[in-house]
Amino acid sequence: MRWHEPITPEEKLAVTLRYLATGESFRLLAFAFRISYSYISIIVKETLTVLKQNLMPIFLPDPTMVDFKTKADEFWTKWNFPNCILAIDGKHVRIRCPNNSGSLFFNHKDYFSTVLLAMVDANYKFVAIDVGSYGKEGDSGIFLKSTMGQQILNGVFKFPEDCALPGTDIIAPHVILGDQAFRLHKHILRPFSQKAARGDNSKTIFNYRLSRARRVTENAFGLLSQVFRVFYQPINIAPTTVDDLIIVTCCLHNMLRDAYLEHNGKAYYQFDQEYSTVNNMRSFSGESGFINTEGVTVRDIFKDYFANIGAVPWQM
């Protein structure tokens with residue numbers, strides 16, 4: 001590049017995508033693109049803002065626009081879980097300690113993080129996300145204060161009408177699958193505790209069927225970090241820019257999933273067993289203490305269904 005030539009939008013996009021794909025420091029990017037590392041930080045921040053504004057309406061639209069009946073059919077076809085529309089999970093994304101932040105971002109796993117809470121469909125696509133919660137916040141509290149959590153618990157989330165489980169006349173609500181960190185609710189199922197499931201075959205089967213379907217969240221997070229290896233080390237940019245980075249990578253992830261599903265060929269990217277993100281994107285932990293009576297009833301309906309008419313040969 002000649003010094004008198006301006007930096008083009010294409011070059012700014014290339015710098016940003018290179019950063020997302022590799023996680024290289026701005027100083028290394030400065031050598032590769034011959035741009036001042038201090039100006040690269042500005043380029044990345046501004047480009048992520050523009051990408052977020054333009055990609056979110058396309059790849060992360062408002063959940064009210066989503067056909068959840070189709071999502072339920074996909075979960076039943078691919079993961080053998082009826083009346084399920086989404087799975088939910090959260091990850092602590094490791095960051096460098098922000099200036100003057102005290103212990104706000106310091107989580108119970110002894111590092112600094114910001115939280116990505118996501119609902120994922122049967123095709124590993126992010127349907128709704130919530131980013132920016134402090135790492136120090138409790139897992140159940142993050143869900144309760146999020147927009148998606150408030151909509152679900154207040155009854156305004158657009159669940160499809162209750163319908164019969166396949167092959168029966170048993171009416172059951174549509175549900176979202178979570179782990180022990182989430183509150184049991186009419187529309188949120190979580191596993192039985194290990195103590196409760198010990199010695200009870202039907203509860204063990206339910207836990208297996210739920211965990212098998214819920215692993216779409218782990219697969220989605222794994223694919224996200226495999227492609228965008230900026231998640232492989234602590235992210236050393238301002239927290240607000242980290243939020244934009246997470247949103248943009250989720251949108252780009254959905255774009256890649258759409259391309260794969262449309263062409264129905266070899267995946268554009270596949271999970272690489274050589275690498276592990278265990279230290280940089282870690283799941284919620286602990287168990288929420290809230291029990292909802294209606295949620296207990298719904299969970300028992302699914303438990304009995306999986307142990308009887310809804311059984312599959314390999315669940316044992």
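Keep in mind that what you see is a predicted model, and the values were worked out from it rather than measured.

Undergrad: Any chance you could explain the overall build of the chain here in plain terms?
TA: What the chain contains, in helices and strands, is 10 helices and 8 strands. In the chain, which comprises 316 residues, the share counted as buried stands at 50%. If you take every contact in the chain between residues at least 6 apart in sequence, the share linking residues at least 24 apart comes to 70%. Summed over its atoms, the accessible surface of the chain is roughly 15,300 Å², and 52% of this surface lies on carbon and sulfur atoms.

Undergrad: What should I look at first to understand the pairing of strand β1 (residues 84-94) in this one?
TA: Remember that side chains alternate between the two faces of the sheet whenever the strand is regular. Along β1, 11 of the 11 residues are buried, which leaves the element largely enclosed by surrounding structure. Looking at chain direction, β1 and strand β2 (residues 113-120) are connected through 8 bridges and run antiparallel. Each residue of the ladder has a partner; that of Lys91, found in β2, is Leu116.

Undergrad: How should the packing of aromatic side chains be read in this particular structure?
TA: Where two aromatic rings form a pair, the distance of their centres and the angle of their planes describe that pair. For the structure on display, the rule yields 15 aromatic pairs. Here Phe105 and Tyr134 contribute two aromatic rings whose centre-to-centre distance is 5.1 Å and whose plane-to-plane angle is 90°, an arrangement assigned as edge-to-face. Taken together, the residues span a long stretch of sequence, with Phe105 in the loop between β1 and β2 and Tyr134 in strand β3 (residues 126-134) at a distance of 29 residues. The interplanar angle of 75° and the centroid separation of 6.2 Å between the aromatic rings of Tyr208 and Trp314 together place this pair among those described as edge-to-face. Residue Tyr208 is located in helix α8 (residues 201-227), and its partner Trp314 is located in the segment after α10 (293-307); the two are separated by 106 residues in the primary sequence. On the basis of relative accessibility, which here comes to 36%, the residue Tyr208 falls in the partly exposed class.

What counts as what
Residues numbered from 1 in each chain as written. Predicted model: local features only at pLDDT ≥ 70, side-chain atom pairs only at ≥ 80, totals over all residues. Heavy atoms only, no water. Helix = DSSP H or I, 4+ residues; strand = E, 2+ residues; numbered from the N terminus. Buried < 20%, exposed > 50% of the residue type's maximum accessible area, 1.4 Å probe, protein only. Contact = heavy atoms within 4.5 Å. Areas by Shrake-Rupley, 256 points an atom, 1.4 Å probe, with all protein chains shown as cover. Pairing = 2+ DSSP bridges. Phe/Tyr/Trp six-rings, centres within 6.5 Å; stacked < 30°, edge-to-face > 60°.

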